[in-house]
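Residue-level listing of the chains:
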Amino acid sequence: MEETATIRLGNENHVFPVVIGTENEKGIDIRTLRQKTGYITYDDGYGNTGSCESHITFIDGEKGILRYRGYPIEQLAESSNFLECAHLIIYGELPTHTQQREFSAKVLRQASIHESMRHLFEGFPNNSHPMAILSALLNSLGCYYPNLATNDRDQDLKNFDEAATLLLSKVRTIAAMSYRMMRGEPFMYPRKDLGYCQNFLHMMFSEPYEDYYPHDDVAKALDLIFLLHADHEQNCSTSTVRMVGSGGANLFASVSAGVCALWGPLHGGANMAVINMLQEIHKNGDDGSKFVAAAKSGKGARLMGFGHRVYKNYDPRAKILKVACERVLKALGRNDPLLDIALHLEDKALHDPYFIERKLYPNVDFYSGIILQAIGLPLDMYTVMFSIGRMPGWIAHWREVAELSKGRIHRPRQIYIGPGLRNYVNINDRNGDGPKSA
Ligand code: ACO
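Below, the structure is looked at part by part. These figures come from a predicted structure and were not determined experimentally.

The rules behind these values
- Residues numbered from 1 in each chain as written.
- Predicted model: local features only at pLDDT ≥ 70, side-chain atom pairs only at ≥ 80, totals over all residues.
- Heavy atoms only, no water.
- Pairing = 2+ DSSP bridges.
- Helix = DSSP H or I, 4+ residues; strand = E, 2+ residues; numbered from the N terminus.
- Near = heavy atom within 4 Å.
- Polar contact = N/O pair within 3.5 Å; in protein donor to acceptor, adjacent residues only side chain to side chain.
- Areas by Shrake-Rupley, 256 points an atom, 1.4 Å probe, with all protein chains shown as cover.
- Nonpolar A, V, L, I, M, F, W, Y, C, P; charged D, E, K, R; others polar.
- Buried < 20%, exposed > 50% of the residue type's maximum accessible area, 1.4 Å probe, protein only.
- Contact = heavy atoms within 4.5 Å.

Brief notes about the pairing of strand β2 (residues 12–20)
Remember that side chains alternate between the two faces of the sheet whenever the strand is regular.
So, step 1. Sheet topology note: the strand β1 (residues 4–9)/β2 ladder contains six bridges and is antiparallel. Its bridge partner being in β2, I7 is matched across the sheet by H14.
So, step 2. Connecting β1 to the antiparallel partner β2 that follows it, the hairpin turn spans two residues, and G10 within it adopts a positive phi of roughly 60°.
So, step 3. Sheet analysis places β2 next to strand β3 (residues 26–28), joined by three bridges and oriented antiparallel. Paired with I20 across the strands is K26, a residue of β3.
So, step 4. Remark: five residues form the turn of the hairpin made by β2 and β3, two consecutive strands paired antiparallel; N24 in that turn has positive phi of roughly 70°.

Description of the site of the ligand
So, step 1. Not every one of the 18 residues close to the ligand is listed here, only the nearest: R302, L303, G305, F306 and R309.
So, step 2. The backbone of L266 places a nitrogen or oxygen atom 3.2 Å from a nitrogen atom of the ligand.
So, step 3. The backbone of G305 places a nitrogen or oxygen atom 2.8 Å from an oxygen atom of the ligand.
So, step 4. If the ligand stood free it would expose 930 Å²; the protein chains cover 72% of that surface.
So, step 5. A breakdown of the residues in the shell around the ligand according to their chemical character gives nine nonpolar, five polar and four charged.

Focus on helix α18 (residues 365–375)
So, step 1. Along α18, 10 of the 11 residues are buried, which leaves the element largely enclosed by surrounding structure.
So, step 2. Those residues of α18 that fall on the buried side of the exposure criterion are D365, F366, Y367, S368, G369, I370, I371, L372, A374 and I375.
So, step 3. Next to the buried residues of α18 lie α9 (196–205), α10 (216–228), α13 (270–283), α15 (316–331), α16 (337–350) and α19 (382–404).

Note that every value here comes from positions in space, so none of it alone points to a role or purpose.
This is the structure:
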């Protein structure tokens, strides 16, 4: 018998279907709730709300499971690479030899940006945050390809393949150019003989008089960071991309909004916040114990890189990055005191009732910052790295909305708790110190 859920309101029972996902995760389909009862659901922060059905990523936060299109993240991290996973996430299948060759060639061909976009960089002050630049330039990119960014859903879907590879490629060029601009250094053009991550590192660190050749482990670690960030179902930035896309906005505008959503310290900005926290602890001569005590008391700051809305177990990405972090530091012959503090913090938190009761474990951002620091990236580029990694997910989700939502705009409701009806009062008749005019 088909499973249903009954909601009792007053004396009336209302029956709703239950939707069941591939992995037996269950949801009450309340799409007819308001129409049948006049009620809506209230779910501040959407912790219990499924906003869509999706084919892309599966997470079981209780068990610490993450899969892209059915493949466990551990297997992908071990054997795949970022571009292959991008293909998997966007198109649903691992590429064949021919598909992989064509996909990589398309990404490579798209690496340069239109020369006149250089002037856009010149318009930003030198101390601009690269996330602001990235968001602005990704949106502007659409202006250079008007046939790919029409806001006509059918047209934009028809040209989807080109727009997708273009964004995957140019996001890293824009990121590298913003890094060079901040330093007043000349832009480096991409090279056709380099892979995705090597090319990015070349555009970041080569000089006109000297090519930069990254240590193999450095390029591999960066590829792994991108791969592990490639999708994470309905997180804040991906939901933003879906929301913007649901209004019919083109892919460029939608991912540009995703970058803005990612920027905050509770989301993608956490990787910067972790390093700030570790440096602060180091500066104060603490081994992390005082910081943990303050976080628990509620008087200090939160332990950044800890806790997750979905994972109530170890974030599987953090486990993988912890190992990678130790490997990179060893390969580079570095001994980073911040890693020692991080390991100590983790150990303390994992044995502390406060963190155990709240199921707070390290998340993906806890170790990624230490790797990015070892690679030589400045702090304000960390969230940009996250954006490059998340691009395949944003692209795939935009397409899912464009293809599957049948044009239904995302539009939640609310419970209004402002003033009741009142009549307009002329300014001369208003009493007291009401709001001052501008
Ligand atoms: N340090 C200390 N206490 C914490 C932390 C933390 N990092 N995270 C949550 N808590 C506590 C809260 O104070 C709360 O305690 P209470 O029940 O006594 O009030 C309880 O744990 C639940 O916390 P919520 O804020 O309700 O959890 P929510 O699911 O809303 O937030 C979030 C998740 C934002 C990730 C949170 O854990 C956090 O702020 N972590 C630090 C920032 C961070 O690392 N963000 C990156 C997330 S991963 C990503 O976006 C890629």
